[in-house]
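Close look at the chain arrangement
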Amino acid sequence: MHTDDYTPEIQHAARLLREGKLVAFPTETVYGLGADATNPAAIRRVFHVKGRPSSNPLIVHVPSFTELLRYIDFSRSKDPALLHNRLKALEHFWPGPLSVVAPRVREICADSCAGGDTVALRIPRHDMALQLLALSQTPIAAPSANPSMYISPTTAQHVRDNLGDLVDYVLDGGACDVGLESTVVSLLDEIPTILRPGAITASMLETALGCKVKDFAPRDDADISPLLSPGMLEKHYSPNTPVILRDKLDNATPLPTRVGVIRFSDTTEPLNTEAIKILSRSGDLSEIAANLFAALRDLDQMNLDMIIVDTCEPVGLGAAIMDRLLRASKR
Ligand code: AMP
Ligand code: MG
């Protein structure tokens, strides 16, 4: 495509990224806060704007599989041929909500990888994002475009609400369709390891790779530590209002007066509460995932004493949903 074939908004956003500025842009997972991954000053600003600990690495976004391979240093892999085969086996998931961790080339600055030797890479499944990445002609580090610890943004308005003038430009692509952050899988060792569950599930990865994958995502409070990756913070995705999981509710304790409720499916049960969000009529996990963060945000603005959220089986996409909710309910 020629530069003139891109919309003026994408041309503007790409120009800003090349100048080392910060541009929030839509992906299929959540909105990203983008910066040139080869520009240490731009990357340091991302950490500053988010209030993100410098020990928490960023995911680097690229527009194609060829570009993804280009930023991996195979010579520093324990088994370069195996790594290459595994990436080929995962290729069909891209563009899509999957990030892979592998040794990085020097061109990706150390700051975007929290000083480490490895990089998380992905190709987002969103036309605007892909066009922006293609036109920018540089790998773009993009963590979720929210203050560290708060709920990830799934609309451009969420980004403006949280970051306002701290970002140089927000590219508006409507609501994100997956609504949860990408699956992160490490390919550094012989056994691939899921560092963060997402819409690409463990069983999808096992089928594609033809081997077992380890799952380091916490299942309950007990196995959260030790942290494998610097990014695996216990408390995360948290509204300011306390979040209680419905299956942890103790019926003996009286509820506070102003309670918000998030239900996973339609319910006829009379609910005597201030605010109710029904994420899906039918209990569909994809709909629940897509609507979860916006519901948490909306209720968080209502000055409630507590938000009670439904739970689901931590299997498939349910594992990603419960991972976020366990962290959101950490105090
Ligand atoms: P965010 O972009 O805010 O959704 O967070 C990105 C997450 O990806 C981090 O919190 C880490 O869990 C993970 N990640 C990114 N880069 C690496 C890496 N090099 N090694 C391990 N995990 C990583
Ligand atoms: Mg994040």
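Observations regarding the overall build of the protein
The number of helices and strands found in the protein is 9 helices and 14 strands. For 331 residues, the compact-globule formula gives about 20 Å, and the C-alpha radius of gyration of the protein, at 20 Å, lands near that figure. In terms of principal-axis extent, the alpha carbons of the protein reach across some 60 × 45 × 35 Å. Long-range contacts, defined as pairs at least 24 residues apart, comprise 68% of the intrachain contacts of the protein with a sequence gap of at least 6. As presented, the protein carries roughly 14200 Å² of accessible surface, and 50% of it is formed by carbon and sulfur atoms. Between the mean site of the 33 positive side-chain charges and the mean site of the 41 negative ones, the protein shows a separation of 4 Å.

A closer look at the sheet that holds strand β3 (residues 59-61)
Across the sheet, which stays open at both edges, the 10 strands sit in the order β7-β1-β2-β6-β3-β5-β4-β8-β9-β10 with mixed pairing between neighbours. Among the strands making up the open sheet, the edge pair consists of β7 (169-170) and β10 (214-215). Taken together, the 3 bridges between strand β8 (residues 183-186) and strand β9 (residues 193-196) define a ladder with antiparallel strand orientation. Within β9, the position partnered with Ser186 by the bridge is Thr193.

Some words on the sheet that holds strand β11 (residues 243-245)
In space, the 4 strands of this open sheet follow the order β11-β14-β12-β13, with parallel pairing throughout. Unpaired on one side and paired on the other, β11 and β13 (275-278) mark the two borders of the sheet. For this sheet, the mean angle separating the axes of adjacent strands, direction not counted, is 20 degrees. Direction of pairing for strand β12 (residues 259-263) relative to strand β14 (residues 306-309): parallel, over a ladder of 4 bridges. Following the sheet pairing, Ile262 is matched in β14 by Val309. Packing of helix α8 (residues 285-300) onto the sheet brings it into contact with β11, β12, β13 and β14, and relative to β12 it is tilted by some 170 degrees.

Describing unusual backbone geometry
Among all residues except glycine, the phi angle is most often negative; among peptide bonds, the trans geometry is most common. For the bond running from Trp94 to Pro95, omega is -5 degrees, close enough to zero to count as cis. One can find Pro95 in the loop between α4 (80-90) and β4 (98-103). At Gln137, a residue that is not glycine, the phi angle is positive and equals roughly 55 degrees. When you line up the elements, Gln137 lands in the loop between α5 (127-136) and β6 (140-141). The class of Gln137 is exposed, set by a relative accessible area of 65%. Non-glycine residue Asn303 carries a positive phi angle of around 60 degrees. Note that Asn303 resides in the loop between α8 and β14.

A short note on the packing of α8 against helix α9 (residues 317-328)
Following both chains from N to C, one finds α8 and α9 inclined at 25 degrees, their axes separated by 9 Å at the closest point. The orientation of α8 with respect to α9, classified from their angle, is roughly parallel. Here α8 and α9 pass one another in a crossing that is left-handed. Residues Leu285, Ser286, Ile288, Ala289, Leu292 and Phe293 of α8 pack against Leu317, Gly318, Ile321, Arg324 and Leu325 of α9. Looking at the contact of α8 with α9 residue by residue, the class counts come to 8 nonpolar, 2 polar and 1 charged.

Digging into the site of ligand 1
Around ligand 1 lies a shell of 17 residues, among which Arg52, Asn56, Thr118, Pro143 and Arg196 are the nearest. With respect to ligand 1, the side chain of Ser144 contributes an N or O atom lying 3.4 Å from an oxygen atom. Within the side chain of Arg196, a nitrogen or oxygen atom sits 2.8 Å from an oxygen atom of ligand 1. If ligand 1 stood free it would expose 500 Å²; the protein chains cover 94% of that surface. Elements with a minimum of two residues in the shell around ligand 1: β5 (118-122) and β9. The greatest single-element share of the shell around ligand 1, amounting to 3 residues, is contributed by β5.

Structural notes on α5
At 3.6 residues per turn, the α-helix brings residues three or four places apart onto the same side. Of the positions making up α5, those classed as buried are Ala129, Leu130, Leu132, Leu133, Leu135 and Ser136. Where α5 is buried, its residues contact α1 (8-18), β1 (23-25), β3 and β6. At the exit of α5 stands Gln137, carrying a positive phi of roughly 55 degrees.

Quick word on the packing of α1 against α5
α5 packs onto α1 with a crossing angle of 50 degrees between their chain directions and a minimal axis gap of 9 Å. As judged from the angle between their axes, α1 and α5 are oblique. In the packing of α1 onto α5, the handedness of the crossing is right-handed. Here α1 contributes Ile10, Gln11, Ala13, Ala14, Leu17 and Arg18 to the contact with α5, which in turn contributes Met128, Gln131, Leu132, Leu135 and Ser136.

Section: the pattern of salt bridges
This model, assessed by the stated rule, comprises 21 salt bridges. One network of salt bridges, in which partners are shared, links Asp73, Arg76, Arg106 and Asp117.

Conventions we followed
Residues numbered from 1 in each chain as written. Chains lettered and ligands numbered in written order. Predicted model: local features only at pLDDT ≥ 70, side-chain atom pairs only at ≥ 80, totals over all residues. Heavy atoms only, no water. Helix = DSSP H or I, 4+ residues; strand = E, 2+ residues; numbered from the N terminus. Rg over C-alpha atoms; globule rule 2.2 N^0.38 Å. Contact = heavy atoms within 4.5 Å. Areas by Shrake-Rupley, 256 points an atom, 1.4 Å probe, with all protein chains shown as cover. Lys, Arg positive; Asp, Glu negative; His and termini not counted. Charge placed at Lys NZ, Arg CZ, Asp CG, Glu CD. Pairing = 2+ DSSP bridges. Axes fitted to C-alpha atoms, helices over the stretch in contact; angles between N-to-C directions. Buried < 20%, exposed > 50% of the residue type's maximum accessible area, 1.4 Å probe, protein only. Parallel < 35°, antiparallel > 145°, perpendicular 65-115°, else oblique. Left-handed = near helix turned anticlockwise from the far one by under 90°. Nonpolar A, V, L, I, M, F, W, Y, C, P; charged D, E, K, R; others polar. Near = heavy atom within 4 Å. Polar contact = N/O pair within 3.5 Å; in protein donor to acceptor, adjacent residues only side chain to side chain. Salt bridge = Lys/Arg side-chain N within 4 Å of Asp/Glu carboxyl O.

This is a description of form; function is not addressed.
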